[in-house]
Amino acid sequence: MDPERRLRALIFLEVLIAIVLPPLGVFLRHGCRVEFWICLLLTILGYLPGIIYAVYAIVVINHDRYRYDYYQPIVA
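Criteria and thresholds
- Residues numbered from 1 in each chain as written.
- Predicted model: local features only at pLDDT ≥ 70, side-chain atom pairs only at ≥ 80, totals over all residues.
- Heavy atoms only, no water.
- Helix = DSSP H or I, 4+ residues; strand = E, 2+ residues; numbered from the N terminus.
- Expected span 1.5 Å × (residues − 1).
- Buried < 20%, exposed > 50% of the residue type's maximum accessible area, 1.4 Å probe, protein only.
- Arc of directions from axis to C-beta.
- Phe/Tyr/Trp six-rings, centres within 6.5 Å; stacked < 30°, edge-to-face > 60°.
- Core = buried A, V, L, I, M, F, W, Y, C linked by side-chain atoms within 4.5 Å.
- Patch = residues over 30% accessible without salt bridge, like charges linked within 9 Å, V, L, I, M, F, W, Y side chains within 5 Å.
- Areas by Shrake-Rupley, 256 points an atom, 1.4 Å probe, with all protein chains shown as cover.
- Salt bridge = Lys/Arg side-chain N within 4 Å of Asp/Glu carboxyl O.

Caption draft 1: Layout of helix α1 (residues 3-20). Here α1 is 18 residues long and its end C-alpha atoms lie 26 Å apart, about the 26 Å a rise of 1.5 Å per residue gives. Taken residue by residue, α1 has E14, V15 and A18 as its buried positions. Seen from one end, α1 has its buried residues packed into an arc of 105°, which puts them on one side. Residues of α1 that are exposed and angled more than 90 degrees away from the buried face: R5, R6, F12 and V20.

Spelled out as structure tokens, the structure:
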């Protein structure tokens with residue numbers, strides 16, 4: 001199985017977990033970062049907002065994409 005297909009399958013499984021238990025799906029993707037705490041708060045306030053944010057956090061937010069740019073020195 002090629003890596004791209006494996007990544008899509010992993011994201012699909014995380015989304016399924018996020019529908020059942022939104023904070024767990026976000027925790028599996030991002031760990032105990034701010035995304036997890038936002039999802040936990042939204043899930044406590046309402047189950048549907050927690051699911052919507054969890055799917056957004058899993059599919060859209062990608063820390064690895066911006067990590068290289070973040071650690072680059074600022075050149076004046």
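Caption draft 2: Region of interest: helix α2 (residues 22-30). For α2, the full list of buried residues reads P22, P23, G25, V26 and H30. Here the buried residues of α2 occupy an arc of 160° about the axis, which is enough to place them on one side. Immediately beyond the C-terminal end of α2, within one or two residues, lies G31, with a positive phi of roughly 75°.

Caption draft 3: Region of the structure containing the packing of aromatic side chains. Throughout the structure, instances matching the rule amount to three aromatic pairs. Each ring, one from F36 and one from W37, has its centre 5.0 Å from the other, and the planes form 75°; the classification is edge-to-face. Residue F36 is classed as buried on the basis of its relative accessible area of 14%. Here Y53 and Y56 contribute two aromatic rings whose centre-to-centre distance is 6.1 Å and whose plane-to-plane angle is 45°, an arrangement assigned as tilted.

Caption draft 4: Inspection of the environment of L24 at higher detail. Looking at the element boundaries, L24 is found in helix α2. Expressed as a C-alpha distance, the spacing of L24 and F36, which sit 12 residues apart in the sequence, is 8.2 Å.

Caption draft 5: Inspection of the nonpolar core at higher detail. If you look at the biggest cluster of nonpolar residues, it comprises 10 residues: V15, A18, V26, F36, C39, Y53, A54, A57, I58 and I61. Per-element accounting of this core gives the leading share, four residues, to helix α4 (residues 47-59).

Caption draft 6: The arrangement of a nonpolar patch on the surface in detail. Taken together, I17, V20, L21, L24, F27 and L28 make up a surface patch of nonpolar side chains, about 530 Å² in accessible area. Elements represented by at least two residues in the nonpolar patch include exactly α1 and α2. The biggest single contributor to the nonpolar patch is α2, with three residues.

Caption draft 7: Main features of the pattern of salt bridges. The full count for this structure, using the stated rule, is two salt bridges. Across the salt bridge formed by R8 and E4, the nearest N and O atoms sit 4.0 Å from each other. Highlighted residues: R8 and E4, both in helix α1, separated by four residues, approximately one helical turn. By relative accessible area, R8 is classed as exposed at 52%. E14 serves as the salt-bridge partner of R29, at 3.0 Å between the closest nitrogen and oxygen. Here R29 is found in helix α2, whereas its partner E14 is found in helix α1, with 15 residues between them in sequence. For R29, a relative accessible area of 28% corresponds to the partly exposed category. The exposure class of E14 is buried, given its relative accessible area of 6%.

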